Amino acid sequence: MKGSHAEPDKLVEVARLATAIADRILEQHAAGTTIPPEQFIMMVRAARMLQDNRAPWPPAVEQVLMEVAKRAEQAEETLDASPAASVGDEVVGHLSQFLGAVKRHVGASR
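The following refers to the structure shown.

Basis of the calculations
Residues numbered from 1 in each chain as written. Predicted model: local features only at pLDDT ≥ 70, side-chain atom pairs only at ≥ 80, totals over all residues. Heavy atoms only, no water. Helix = DSSP H or I, 4+ residues; strand = E, 2+ residues; numbered from the N terminus. Buried < 20%, exposed > 50% of the residue type's maximum accessible area, 1.4 Å probe, protein only. Expected span 1.5 Å × (residues − 1).

**Remarks on unusual backbone geometry**
Okay, step 1: Backbone geometry at Arg54 places phi at a positive 55°, although glycine is not the residue there.
Okay, step 2: With respect to the helices, strands and loops of the structure, Arg54 is situated in the loop between helix 2 (37–52) and helix 3 (59–81).
Okay, step 3: We classify Arg54 as exposed; its relative accessible area is 74%.

Laid out in structure tokens, this is it:
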């Protein structure tokens, strides 16, 4: 892969792997088990690669990211209502920035 323009076959593979990870995350969520952060990070990286190459996100990836965006917004509202800052505020801030890009991507693809 050169720069931000991956070969189409490589993007198909990235989309396939992102889907497999997203499906696993959805299964773990439905079962009520803990989702390893590494899984989510891998899926986000794959989604970002697809986004950078203007390739559509697979439905399962979009579903996971939208659910995370919804929960992050709820957490942000809770943090805004709380006067004391927590150690996790920075993490939520970074996640919120990424989710802003997610929303722009989804809005542009519709």
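**Here's the deal with the side chain of Gln28**
Okay, step 1: Relative to the elements of secondary structure, Gln28 occurs in helix 1 (residues 8–31).
Okay, step 2: Owing to a relative accessible area of 6%, Gln28 belongs among the buried residues under this scheme.

**A word on helix 1**
Okay, step 1: Its 24 residues give helix 1 an end-to-end C-alpha distance of 35 Å, which sits within 8% of 34 Å, the value for a rise of 1.5 Å per residue.
Okay, step 2: Residues Leu11, Val14, Ala15, Ala18, Ile21, Ala22, Ile25 and Gln28 constitute the buried set of helix 1.
Okay, step 3: Of the residues trailing helix 1, Gly32 is marked for its positive phi of about 75°.

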